[in-house]
Amino acid sequence: MSVTASPPRHRIRAVHTATTVTVYQAYTPSIGLPAARDGRFPATWKRDRMTWIKPSFLWMAYRCGWGLKEGQETVLAVDITREGFEWALRHACLSHYVRGFHPDRAAWQRELKSSPARVQWDPERDLHLRPLAYRSLQLGLAGEASRRYADEWTVGIRDVTPLFREVHGLVRAGRAEDAAGLLPEERPYPADDGLLGRLVA
């Protein structure tokens, strides 16, 4: 009898091509709509603040409540270069201290202070936004990483709010199979130990 292997606890799953990776963010319409219209973030988008990008469609749905939470009504799919995405990972540290993984808390705090990116691994979600046993990547960008994300790495921005609302409507109607058929195909991203070794405790 064959046994289905459980997915790795930490793995990047994303829509990706040979040159790009799709990540999701949710904003107020005043930021999200101009960004989607122009294919770049508007001047009101603050490049000096931490911004979090998420490769998982369903984790984004969980975070923004299907685009129904205040201040997160416009959901964007942002296509960024793989070079930029991997630069951020190589310059990232974990967002929290892990005993036995970091030498000590002070060493982790020094790394956090000097890193332009940080990583969190949060439970992936199913169509009903229930937590799953494996983790989904969140990548926080600050300083140089945030500026490069907005001005160098981003190659396309789409408003996918209607898709989020459609999937949500099908789930609420009990049509989970139809909803699943609309989900973007997120495949494992090729990330070796050199890319994730410092980011998986």
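Our structure's up above, just so we're on the same page.
Residues numbered from 1 in each chain as written. Predicted model: local features only at pLDDT ≥ 70, side-chain atom pairs only at ≥ 80, totals over all residues. Heavy atoms only, no water.

1. A short note on the sheet that holds strand β3 (residues 51-53)
So, point 1. Judged by pairing direction, the sheet is mixed, and its four strands sit side by side in the order β3-β7-β6-β5 without closing on themselves. Edge positions in the sheet fall to β3 and β5 (92-94), since each has one partner strand and no second. The average undirected angle you get between the axes of adjacent strands in this sheet is 40°.
So, point 2. Bridging between strand β6 (residues 117-125) and strand β7 (residues 131-141) involves eight bridges; their strand directions are antiparallel. Note on β7: the bridge partner recorded for P123 is R135.
So, point 3. Sheet strands in contact with helix α2 (residues 57-64) are β6 and β7, and its direction is about 90° off that of β6.
So, point 4. Contacts from helix α4 (residues 105-114) reach β5 and β6, with the element oriented near 145° to β5. (Pairing = 2+ DSSP bridges. Helix = DSSP H or I, 4+ residues; strand = E, 2+ residues; numbered from the N terminus. Axes fitted to C-alpha atoms, helices over the stretch in contact; angles between N-to-C directions. Contact = heavy atoms within 4.5 Å.)

2. Quick notes on the pattern of salt bridges
So, point 1. Within this structure, the stated rule accounts for nine salt bridges.
So, point 2. One salt bridge in this structure joins D151 and R47, with 3.0 Å as the shortest N-O distance. You can see D151 sitting in helix α5 (residues 143-153) and its partner R47 sitting in the loop between α1 (29-38) and β3, a full 104 residues away along the chain.
So, point 3. Owing to a relative accessible area of 22%, R47 belongs among the partly exposed residues under this scheme.
So, point 4. Each of E144, R148 and E152 takes part in a single network of salt bridges with overlapping partners. (Salt bridge = Lys/Arg side-chain N within 4 Å of Asp/Glu carboxyl O. Buried < 20%, exposed > 50% of the residue type's maximum accessible area, 1.4 Å probe, protein only.)

Function cannot be read off these values alone, since they describe shape.
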